[in-house]
Amino acid sequence: MNRQIVKRILYLLLILGLASAAFAKPASARPTHPTHRAHVAHVQETAHARHHMAQLAHAHPVATESKVVVVRTRSGKLRRTVVVHHRSYEHFSASSFTNSDITQGDVTAGEDPVVRQAAIDALGNMVGTAVAIDPSNGRILAMVNQKLALSSGAEPCSTIKVSVALAALQEGIVTKDTPVNLGGRYHVDMTEALAHSNNLYFETLGRRLGFERVRHYANSFGLGELAGWNIPGEQLGIYPEQVLPESEGGVGRMCSFGQGISMTPLQLGALVASIANGGTLYYLQHPTSPDEVANFQPRVKRTLDIANLIPDITVGMEGAVDYGTARSLHTNFNQLPILGKTGTCSNNGTRYGWFASFANTSHGRIVTVFFLEGGRPTFGPKAAELTGVFYHNLWDHSYFAEKATVEPVSNTVSASATTVSQ
């Protein structure tokens, strides 16, 4: 019985072998069209190709496209929508680092030497500027790399969200706790949107406000006008009179990224200072000598009606540092509560990194704006990280402790301040 089974198995194997030989074809007779399963050979790339692929691996895809194709069948035409991913990559040509002295030409005789050195040490060899402001009077305590600080500015990126948030609160569009539907069951409130810099949330607020109201509040907060009082070399940022075309994102894009807007570090610093002091928008002044410091007189540009809104916006700014986009600040500093807003975007091969903040303390209160420009290492969280170094440097020099005898900043304008127009 066992022999019969073995014979049958051998017979079956013989038949299968003959069948395989009969169906086999020479290579020249095989079909040339691709099959569903293909053998992938290992290709050894050239050094140039490997370098190019490494660049692409670290590049950011920025565009996709939905393409409609028509498939002809026997019964007629069948329209099908196919999503075709065209990967385009942003290449950064600017450098984030420099070996040159970015402080060359700075006028420093009227600055606070401790604050200035803390900012210089924080920036290190990164290309950027740091501006430190006393929010109680608008005095610029330090301005490192004044050429960049006084330039025509750059796209504000997500720091524009601070202005939009204040506008939406003032107009009653939302409160800080209002859940805004961003599609389906996805809801976000202002605190989380500021902390995590949610673009879709602020696009939604921007469309609800409309361009005219957005622009009105931005102008009242100081965008589109000089922030300083007779500061030589200060240039004006741009807030457009017309809304961004819908093809480029419209008012939503302006309110999430600040596209089409040019903001200076001084303009952002003046706005954040008004939040830190309770609503007074000061002209920023940069003393250039000890005599100017001794005779310093604050100059009020206008008083903003935001005192009741500040608690609603600062909880989101504090969240940004505690658990959001600026949490890298805690890598270097956690001794005091810090409130701030990051911003990251790029233009024509140059990347921008913003972080504006203030220390939430009743003594030694100081507003800082770190603005970086360069390549891929430049972005908002990096600016926040450097700001942490700045605060740590001040802490090491007992900057905050030395101010302990000074009265907390009042929410009202001091009697000695002068309201002026320019």
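Model, not experiment: these values are computed from the prediction.

*Asks:* Help me understand the overall build of the protein chain in this model?
*Replies:* Secondary structure summary: the protein chain contains 14 helices and twelve strands in total. Relative to its full complement of 422 residues, the protein chain shows a buried share of 46%. Relative to all contacts within the protein chain whose residues are 6 or more apart in sequence, the contacts with residues 24 or more apart total 68%. Accessible surface computed for the protein chain: about 22300 Å², of which carbon and sulfur atoms make up 53%.

*Asks:* Looking at this structure, how should I read helix H7 (residues 199-209)?
*Replies:* Spacing of three or four residues puts side chains on the same side of an α-helix, whose turn is 3.6 residues. Within H7 the residues assigned to the buried category are Tyr201, Phe202, Glu203, Thr204, Leu205, Gly206 and Leu209. The secondary structure elements touched by the buried residues of H7 are helix H5 (160-170), strand E5 (180-181), strand E6 (187-188), helix H6 (190-196), helix H8 (211-220) and helix H9 (250-256). Sitting at the head of H7, Asn198 places a side-chain oxygen 3.1 Å from the backbone nitrogen of Leu200. Trailing H7 by a residue or two, Gly210 shows a phi angle of about 85 degrees, which is positive.

*Asks:* Sorry, what's going on with the nonpolar core here?
*Replies:* Taken as a class, soluble globular proteins show a tendency for nonpolar side chains to be buried jointly. Membership of the largest hydrophobic core comes to 68 residues, with the highest contact counts inside it found for Leu166, Tyr201, Leu266 and Trp354. Counting residues in each nonpolar core, the second largest holds 32 residues, with Phe333, Ala384, Leu386 and Leu394 among its members.

*Asks:* Would you take a moment to explain the pairing of strand E3 (residues 128-134) for this structure?
*Replies:* Regular strands show a simple pattern: their side chains alternate between the two faces of the sheet. Of all seven residues making up E3, seven are buried, and the element is well covered by its neighbours. Burial along E3 is two-sided: Gly128, Ala130, Ala132 and Asp134 and Thr129, Val131 and Ile133, pointing in opposite directions, are all buried. Pairing geometry for E3 and strand E11 (residues 367-374), over six bridges, is antiparallel. Note on E11: the bridge partner recorded for Gly128 is Leu372. Summarising the sheet, E3 and strand E4 (residues 139-144) pair through five bridges and their orientation is antiparallel. Within the sheet, the bridge partner assigned to Asp134 lies in E4 and is Arg139.

*Asks:* I'm lost on the state of the cysteines in this one. Help?
*Replies:* Tallied over the entire structure, the rule returns one disulfide. Shown here is the disulfide that connects Cys157 with Cys345, its sulfur atoms set 1.9 Å apart. One quick way to see it: the torsion about the S-S bond of Cys157 and Cys345 is about -60 degrees, and its sign makes the bridge left-handed. With a gap of 188 residues between them, Cys157 in the loop between helix H4 (146-149) and H5 and Cys345 in strand E9 (residues 338-347) connect regions that are remote in the sequence.

Rules behind the numbers
Residues numbered from 1 in each chain as written. Predicted model: local features only at pLDDT ≥ 70, side-chain atom pairs only at ≥ 80, totals over all residues. Heavy atoms only, no water. Helix = DSSP H or I, 4+ residues; strand = E, 2+ residues; numbered from the N terminus. Buried < 20%, exposed > 50% of the residue type's maximum accessible area, 1.4 Å probe, protein only. Contact = heavy atoms within 4.5 Å. Areas by Shrake-Rupley, 256 points an atom, 1.4 Å probe, with all protein chains shown as cover. Polar contact = N/O pair within 3.5 Å; in protein donor to acceptor, adjacent residues only side chain to side chain. Core = buried A, V, L, I, M, F, W, Y, C linked by side-chain atoms within 4.5 Å. Pairing = 2+ DSSP bridges. Disulfide = S-S within 2.5 Å.

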